[in-house]
Amino acid sequence: MKNVALITGASSGIGLELAHIHAENGGDLVLVARSADKLHQLATALRDKFAIKVLTIARDLSQAGATAAIFAETERQGIQIDRLINNAGIGGHGRFFERDLSLEQQMIRLNIQALTELTHLYLQGMIARKQGKILNVSSTASFMPGPLQAVYYASKAYVTSFSQAIAEEVAEFNVSVTALCPGAVATGFVQAGDLQGVAAWNNAKSARSVAEYGYRAMEQGKLVAFNEAKLKFALDWVIPFLPRKWVLKMSRKAMEKA
């Protein structure tokens, strides 16, 4: 396999679109998601259309040992991962004290722990080869606290901070790390995260447009990538200068259901 991208959460949404984009550019793929059937269908379609090689690994990344198993499988098959795309993630709506703690713990394991482990595992080879690119799918949510999505917002704050820190550490080895920070995206995330009726998703961007922007940003080695200029301006030049209590109230209102 050549020019290989490993993509988590590849069976739907942004991950699926990123898989198509990398295939369109002639790259081979390692696709990771929970559903073996969906991965098989996607892999077959991509092989037939683009004549590329595709390995599928059906794993639930919120489960212990999943990241080590994925790494072991690619090592066993002698696959060099040139691009690591940590896309898998989940959200959840509601007041923290009323939500099931096990769901919040699952979110932390997937959004933070699995991403961290995969990044550490695959960075070793990139550093040794002095070549590689990592794309971590974060969110504009990472730039403020998120009442009614407290753990999700906090988990994305980790992703954005972590990505920038290690980007500085690995730059001397010709390895880049990009944090993609989209706003609302039209994917299955809304239903999976119980976000139906939240106004923020009324003008959600398409998964394809976000994936295209993120893929270009990764290829260019950008540090933090915003696909919406207005959101970037607000996060850089408006929100930091507002009183914190105002920001919290605005953030909560954006997540309230109609």
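Residues numbered from 1 in each chain as written. Predicted model: local features only at pLDDT ≥ 70, side-chain atom pairs only at ≥ 80, totals over all residues. Heavy atoms only, no water.

Caption draft 1: Fine view of helix α5 (residues 150-170). Between the first and last C-alpha of α5 there are 31 Å, a value that for 21 residues agrees with the 30 Å anticipated at 1.5 Å per step. Listing the buried residues of α5 in full gives V151, Y152, Y153, S155, K156, V159, T160, F162, S163, I166, A167 and V170. (Helix = DSSP H or I, 4+ residues; strand = E, 2+ residues; numbered from the N terminus. Expected span 1.5 Å × (residues − 1). Buried < 20%, exposed > 50% of the residue type's maximum accessible area, 1.4 Å probe, protein only.)

Caption draft 2: Representation of the side chain of N136. Along the chain, N136 falls in strand β5 (residues 132-137). A distance of 2.9 Å separates the side chain of N136 from the side chain of S163, its partner in a polar contact. Beyond its immediate stretch of four places on either side in the chain, N136 contacts N86, L115, T119, V159, S163, V177, T178, A179 and L180. (Polar contact = N/O pair within 3.5 Å; in protein donor to acceptor, adjacent residues only side chain to side chain. Contact = heavy atoms within 4.5 Å.)

Caption draft 3: Local environment of the packing of helix α4 (residues 101-129) against α5. At their nearest, the axes of α4 and α5 sit 9 Å apart, and the two run at 10 degrees to each other. Taken together, α4 and α5 sit at an angle that is classed as roughly parallel. Side by side, α4 and α5 meet where E104, M107, I108, N111, I112, L115, T116, T119, L123 and I127 of the first sit next to V151, Y152, S155, K156, Y158, V159, F162, I166 and V170 of the second. Taken together, the residues of the contact of α4 with α5 sort by class into 13 nonpolar, four polar and two charged. (Axes fitted to C-alpha atoms, helices over the stretch in contact; angles between N-to-C directions. Parallel < 35°, antiparallel > 145°, perpendicular 65-115°, else oblique. Nonpolar A, V, L, I, M, F, W, Y, C, P; charged D, E, K, R; others polar.)

Caption draft 4: A look at helix α3 (residues 66-76). Within α3, the full set of buried residues consists of A66, T67, I70 and T74. Taken end-on, α3 shows its buried residues confined to a sector of 100 degrees, consistent with a single buried face. Against the buried residues of α3 lie β1 (4-8), β2 (29-33), β3 (54-58), β4 (81-86) and α4. Looking at the residues trailing α3, positive phi occurs at G78, about 65 degrees. (Arc of directions from axis to C-beta.)

Caption draft 5: Expanded view of the side chain of S139. Checked against the element boundaries, S139 lands in the loop between β5 and α5. Among the polar contacts made by the side chain of S139, one reaches the main-chain amide nitrogen of A141 at a distance of 2.9 Å. Among all residues touching S139, those that are not within four sequence positions of it are Y152, K156, T160, L180, C181 and P182.

Caption draft 6: View of the sheet that holds strand β6 (residues 175-180). Spatially, β3-β2-β1-β4-β5-β6-β9 is the arrangement adopted by the seven strands of the open sheet, whose pairing is parallel. Single-partner strands in this sheet number two, and they are β3 and β9 (224-225). Two elements, β6 and β9, share two bridges in a ladder whose sense is parallel. Bridge pairing in β9 links L180 to A225. The strands that α4 touches are β1, β4, β5 and β6; relative to β4, the one it contacts most, it runs at about 160 degrees. Helix α7 (residues 207-220) rests against β4, β5, β6 and β9 of the sheet, and its axis sits at about 155 degrees to β6. (Pairing = 2+ DSSP bridges.)

Caption draft 7: Expanded view of the packing of aromatic side chains. This model, assessed by the stated rule, comprises four aromatic pairs. Between the aromatic rings of F71 and Y122, the centroid separation amounts to 5.1 Å while the plane-to-plane angle is 70 degrees, which identifies the pairing as edge-to-face. Remark: Y122 occurs in helix α4 and F71 occurs in helix α3; sequence separation between them is 51 residues. Overall, F71 belongs to the partly exposed group, its relative accessible area being 21%. Taking the centre distance of 5.4 Å and the plane angle of 40 degrees together, the rings of F143 and F226 count as tilted. Taken together, the positions of F143 in the loop between β5 and α5 and F226 in the loop between β9 and α8 (229-237) put the pair 83 residues apart, joining distant regions of the chain. Taking relative accessible area as the criterion, F143 reaches 32% and is therefore assigned partly exposed. Judged by its relative accessible area of 9%, F226 falls in the buried class. (Phe/Tyr/Trp six-rings, centres within 6.5 Å; stacked < 30°, edge-to-face > 60°.)

Caption draft 8: Quick look at the nonpolar core. Among the nonpolar cores identified, the biggest contains 29 residues, and I7, L18, L29, L31 and L46 are the most heavily contacted of them. Residue assignment for this core shows that the elements contributing at least two residues are β1, α1 (13-24), β2, α2 (36-50), β5 and α7. At six residues, α7 tops the list of elements feeding residues into this core. If near-sequence neighbours (up to four positions away) are discounted, L31 is found in contact with I7, A10, A19, L39, L42, L46, V54, L55, T56 and I57. Counting 28 residues, the second-largest nonpolar core is a separate cluster that includes V30, Y122, I166 and V170. (Core = buried A, V, L, I, M, F, W, Y, C linked by side-chain atoms within 4.5 Å.)

Caption draft 9: Structural context of the pairing of β2. β2 sits mainly inside the fold: five of its five residues count as buried. Across the two faces of β2 the burial is the same, with L29, L31 and A33 and V30 and V32 all buried. Sheet analysis places β1 next to β2, joined by four bridges and oriented parallel. Note on β2: the bridge partner recorded for L6 is V30. In this fold, the crossover linking β2 to β3 by way of α2 has right-handed handedness. (Right-handed = clockwise from strand over helix to strand, strands pointing away.)

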